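# Summary of the model geometry
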Amino acid sequence: MLQNASAKRVYVETYGCQMNVSDGELMEGILAARGYTIVENPEEADVVLVNTCAIREHAERRVLGRVSQLNGLKRENPDLVIGVTGCMAQRMGDDLLEKAPFVDLVMGPDSYRSLPQAIRGLDDKPQERKQLAVLAFHSEENYKGLEQRRSEGPSAWLPIQRGCNHRCTFCIVPYVRGPEKNRGPRDIVEEVRGLVKDGVSELTLLGQTVNSYSSEGIDFPDLLREVARVHGIRRVRFTSPHPIDVTPRLVEVMAAEDAVCEQLHLPAQSGNNRTLRRMLRRYTVEQLLEKIEMVRDAIPDIALSTDIIVAFPGETEDEFQDTLELMHTVRFDDAFTYKYSLREGTPATRLPEEDFIPPDEAQARLEQLIDVSRRIQAEINQDEVGRIEEVLIEKCGRHKGQVLGRTRRNKVVVFDGDPTLIGEYRRIQLERTTGATFIGAERLGSVGAVGV
Ligand code: 5AD
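We now turn to the structure provided with this report. (Residues numbered from 1 in each chain as written. Predicted model: local features only at pLDDT ≥ 70, side-chain atom pairs only at ≥ 80, totals over all residues. Heavy atoms only, no water.)

## What to know about the site of the ligand
Close contacts around the ligand come from Ile-55, Arg-56, Phe-170, Gln-269, Asp-307, Ile-309, Tyr-338, Lys-339, Tyr-340, Ser-341 and Arg-343, and that covers them all. Taking Phe-170, its main chain carries an N or O atom lying 2.9 Å from a nitrogen atom of the ligand. In the environment of the ligand, a nitrogen atom lies 2.8 Å from a nitrogen or oxygen atom belonging to the backbone of Ser-341. Alone, the ligand offers 410 Å² of accessible surface; in the complex the protein occludes 88% of this. When contributions to the shell around the ligand are tallied by element, the ones reaching two or more residues are β15 (303-310) and β16 (334-339). Considering only residue class, the shell around the ligand consists of five nonpolar, two polar and four charged. (Near = heavy atom within 4 Å. Polar contact = N/O pair within 3.5 Å; in protein donor to acceptor, adjacent residues only side chain to side chain. Areas by Shrake-Rupley, 256 points an atom, 1.4 Å probe, with all protein chains shown as cover. Helix = DSSP H or I, 4+ residues; strand = E, 2+ residues; numbered from the N terminus. Nonpolar A, V, L, I, M, F, W, Y, C, P; charged D, E, K, R; others polar.)

## Quick word on unusual backbone geometry
The peptide bond linking Thr-239 to Ser-240 adopts the cis configuration, its omega dihedral lying at -10°. Turning to its location among the elements, Ser-240 is positioned in the loop between β13 (235-239) and α9 (248-256). The residue Gln-269 is not glycine, and still its phi comes out positive at about 75°. A positive phi angle, near 70°, is found at Asn-410, a position not held by glycine.

## Some points on the environment of Tyr-175
Looking at the secondary structure, you find Tyr-175 in helix α6 (residues 173-177). Between the alpha carbons of Tyr-175 and Ala-156 there is a distance of 27 Å; along the sequence they are 19 residues apart. Tyr-175 has contacts with Phe-137, Arg-167, Gly-345, Thr-346 and Pro-347, leaving out every residue within four places of it along the chain. (Contact = heavy atoms within 4.5 Å.)

Right, dumping it as structure tokens:
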């Protein structure tokens with residue numbers, strides 16, 4: 001193994017989406033393969049990498065705060081290397097180096113393969129060190145041949161696609177992650193087999209618009225079927241699909257393959273056609289509802305979740321009400337709700353200034369939406385009390401003596417149990433709900449025979 005005398009311990013701190021979490025594991029994998037030791041806190045590290053998100057301003061502000069905090073460590077340990085990676089690093093680039101002169105390295109999501117060289121290239125002597133920006137896009141980079149460093153356990157994130165070919169007018173992702181790049185299907189299936197050998201039985205396939213996947217004549221439904229049939233894989237999820245690629249074939253595979261979980265995250269963004277058009281989402285509310293009907297016809301028990309943006313520039317009060325109506329019509333099991341956040345460089349920033357919605361109005365819409373979606377969620381979950389479900393236990397609960405896991409439908413359940421249960425599947429009866437999560441109790445019997 002190669003050793004770098006001056007920088008051996010690295011700490012990676014990740015913000016943002018699952019793809020970023022997976023990228024954090026990739027960076028750790030790349031560095032571990034070069035002899036770095038991965039440490040669990042920044043105080044122990046020679047190199048700290050903050051792996052960032054650019055999706056909303058709030059996410060970036062948080063990171064900037066954190067990066068200046070880490071600068072405190074640099075005062076104690078002047079040799080410390082601070083790197084900022086990920087989407088915000090890509091977006092801000094040299095600006096970030098200027099704003100935060102104590103940052104040594106910024107690196108975008110296409111350049112992680114060169115992370116060890118970049119770190120090695122930084123001068124050991126802090127006073128001689130020059131800041132480095134590695135921001136080129138590599139249209140072929142899908143990290144073939146490199147291994148993520150995953151934590152042990154039965155669940156794994158598996159990126160199958162990077163980048164995005166859509167141009168939703170609010171979204172920064174295509175500008176910081178570049179165009180869509182898909183991994184070869186053989187590589188993916190091979191990796192799944194390896195993961196099974198390492199004890200993985202639950203997989204989440206990742207991509208910015210995961211169901212637009214296509215490579216070597218294999219499309220997403222084909223790939224999903226292949227992955228679901230790998231011996232040892234018990235649960236498969238995928239995120240995030242674009243509604244436009246929710247096709248009859250995809251739904252057929254989801255319904256037919258036992259391992260594919262009864263869960264779908266389907267970002268709607270808005271319930272109004274004019275807003276959807278201006279967002280460049282490429283579907284109407286009616287088409288979205290048709291897709292949902294198709295999914296529910298094939299998989300009646302499916303749990304649906306969504307993403308919604310309120311106060312997109314120019315959204316009228318009536319148009320916002322259409323979004324609330326969509327929530328009542330569909331009754332999503334869960335909703336991730338956001339206020340529109342202006343992202344420099346995206347098409348929506350060019351909308352007329354008077355279209356931008358004042359913050360207090362945006363906040364009021366968000367609160368109404370959260371209220372509606374929480375109420376619906378609580379009603380749905382209340383109706384599910386009494387069911388017996390298969391739960392995969394993920395970690396300790398907040399209270400001592402409790403563990404927490406998820407059902408196939410991605411509902412969170414807490415129940416009495418000890419940490420030795422982590423990684424196991426158990427039959428749990430849902431006894432109560434707080435609205436969002438369940439409190440359950442173990443029922444004896446084989447998990448293979450779970451029924452409702
Ligand atoms: N402002 C607010 N929310 C956004 N999202 C993406 N871009 C923005 C933005 N500029 C939301 C979308 C997306 C989720 C990951 O983040 O709902 O589905």
